[in-house]
Amino acid sequence: MTLKEIADILGATFITEPDNPDLHIRSACSSDMMSAVLYYHSPDSLLITGLTQLHVVRTAEIAGIISIVFVMNKRPDERAIELAGQKKIPLLTTPCCMYTASGRLFRAGLPGCSHK
Amino acid sequence: MALNIEGTIEGSSQLIGGDFTTAGEASTLLKVKLTELGVAEDIIRRAAIATFEAEMNVVIYAAAGWLHYYISPQGIRIRIEDMGPGIADIGLAMQEGYSTAPDWVREMGWGAGMGLPNMKRNSDVFTIDSVVGEGTTVEMVINFP
Ligand SMILES: Nc1ncnc2c1ncn2[C@@H]1O[C@H](COP(=O)(O)OP(=O)(O)OP(=O)(O)O)[C@@H](O)[C@H]1O
Ligand SMILES: [Mg+2]
């Protein structure tokens with residue numbers, strides 16, 4: 001599924017414009033616990049979260065997550081946006097809650113992250 | 001895999017307890033180094049995850065610490081030592097879901113009790129030593145295939 005399709009399905013807006021809106025996302029993971037995110041080994045995946053701190057972007061980078069969607073219209077602070085820009089991790093924000101965002105993407109065919 | 005390693009490549013970073021702004025930079029530096037050396041992606045991911053979890057524990061629980069890494073043609077050795085409260089019961093701390101993280105740490109997304117299990121799962125050799133009142137040392141080895 002492409003980033004553009006994900007944005008459409010979630011009614012999401014880009015906080016940082018992606019270099020490539022057709023970036024291909026293979027799976028997704030929803031969590032507010034960083035070590036739960038780090039439990040998965042899913043390159044090219046999307047993180048759906050309600051946390052907006054700087055280390056969410058760092059966790060994404062470490063885990064091989066290539067884009068982050070913030071739920072409930074949340075927006076990260078400037079430092080997080082800046083780091084995401086440097087690391088080329090596009091950020092989106094959606095009015096959906098975590099349950100709805102996850103459910104919509106799953107229904108549209110985006111699988112969950114696998115663990116290894 | 002075109003590994004570009006001769007002898008042992010070493011590096012160190014100082015870790016500062018409570019500093020969530022720079023937390024993760026040491027692990028990111030190691031990740032960049034491994035990428036430069038042409039290490040396989042899944043090995044890099046395992047090393048980065050294990051190191052990041054250890055780094056976050058120092059930031060959350062300890063006053064200060066050091067990260068040292070040694071990259072040889074055989075693999076990566078990472079040692080994270082801290083001056084912190086130490087761990088009284090290592091067996092308990094290693095259990096998935098066990099955490100003493102206070103609420104403010106949980107609100108930041110840490111405290112699932114998965115950090116030490118994640119370190120162990122991602123390394124080929126994992127050792128942890130701790131002295132209450134002095135500090136904790138975690139050592140991890142990840143072998144190249
Ligand atoms: N470096 C350390 N110094 C002192 N105590 C530690 C240290 N590392 C871990 N601990 C103790 O071991 C417990 C379990 O650690 P672990 O990393 O597995 O989980 P956590 O940090 O609580 O949560 P998570 O890592 O999932 O965010 C911690 O809650 C803490 O009590
Ligand atoms: Mg931890």
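Owing to the predicted nature of the structure, the values given are computational and were not obtained by experimental measurement.

Criteria and cut-off values
- Residues numbered from 1 in each chain as written.
- Chains lettered and ligands numbered in written order.
- Predicted model: local features only at pLDDT ≥ 70, side-chain atom pairs only at ≥ 80, totals over all residues.
- Heavy atoms only, no water.
- Helix = DSSP H or I, 4+ residues; strand = E, 2+ residues; numbered from the N terminus.
- Buried < 20%, exposed > 50% of the residue type's maximum accessible area, 1.4 Å probe, protein only.
- Contact = heavy atoms within 4.5 Å.
- Pairing = 2+ DSSP bridges.
- Right-handed = clockwise from strand over helix to strand, strands pointing away.
- Near = heavy atom within 4 Å.
- Polar contact = N/O pair within 3.5 Å; in protein donor to acceptor, adjacent residues only side chain to side chain.
- Areas by Shrake-Rupley, 256 points an atom, 1.4 Å probe, with all protein chains shown as cover.
- Nonpolar A, V, L, I, M, F, W, Y, C, P; charged D, E, K, R; others polar.

Some thoughts on the environment of threonine 137 of chain B
Residue and element names in this part refer to chain B. Tracing the backbone through its elements, the reader meets threonine 137 in strand β5 (residues 135-143). Under the relative-accessibility criterion, threonine 137 is labelled partly exposed at 27%. Along the primary structure threonine 137 and glycine 86 are separated by 51 residues, whereas in three dimensions their C-alpha atoms are 9.0 Å apart. Aside from chain neighbours lying at most four places away, what touches threonine 137 is Arg79, Ile80, Glu81, Thr127, Ile128 and Asp129.

Comments concerning the pairing of strand β2 (residues 27-30) of chain A
Two faces make up the sheet, and in a regular strand the side chains alternate between them. Residues and elements named next belong to chain A. With 4 bridges connecting them, β2 and strand β3 (residues 45-49) associate as parallel partners. When the sheet's bridge partners are listed, cysteine 29 is paired in β3 with leucine 47. In this fold, β2 hands off to helix α2 (residues 34-39), which returns the chain to β3; that crossover is right-handed.

Looking at the environment of cysteine 97 of chain A
Residue and element names in this part refer to chain A. Checked against the element boundaries, cysteine 97 lands in the loop between β5 (91-93) and α5 (98-107). A sequence separation of 49 residues divides cysteine 97 from isoleucine 48, and the C-alpha atoms of the two residues are 9.7 Å apart. Ignoring anything within four residues of it in the chain, the contact list for cysteine 97 reads Val71 and Met72.

A closer look at the site of ligand 1
Near ligand 1 there are 22 residues, and of these Asp82, Ser99, Thr100, Gly111 and Met114 of chain B occur at the shortest range. Near ligand 1, the surrounding residues are drawn from chains A and B. Within the contact set of ligand 1, an oxygen atom lies 3.0 Å away from a side-chain nitrogen or oxygen of serine 35 of chain A. Take methionine 114 of chain B: an N or O atom from its main chain is 2.7 Å from an oxygen atom of ligand 1. Isolated, ligand 1 exposes 590 Å² of accessible area, and the fraction of that covered by the protein chains is 96%. Only α2 (41-61) and α5 (115-122) of chain B provide two or more residues apiece to the shell around ligand 1. The residue makeup of the shell around ligand 1, split by class, is 11 nonpolar, 9 polar and 2 charged.

Interpretation in functional terms is not warranted from these geometric data alone.
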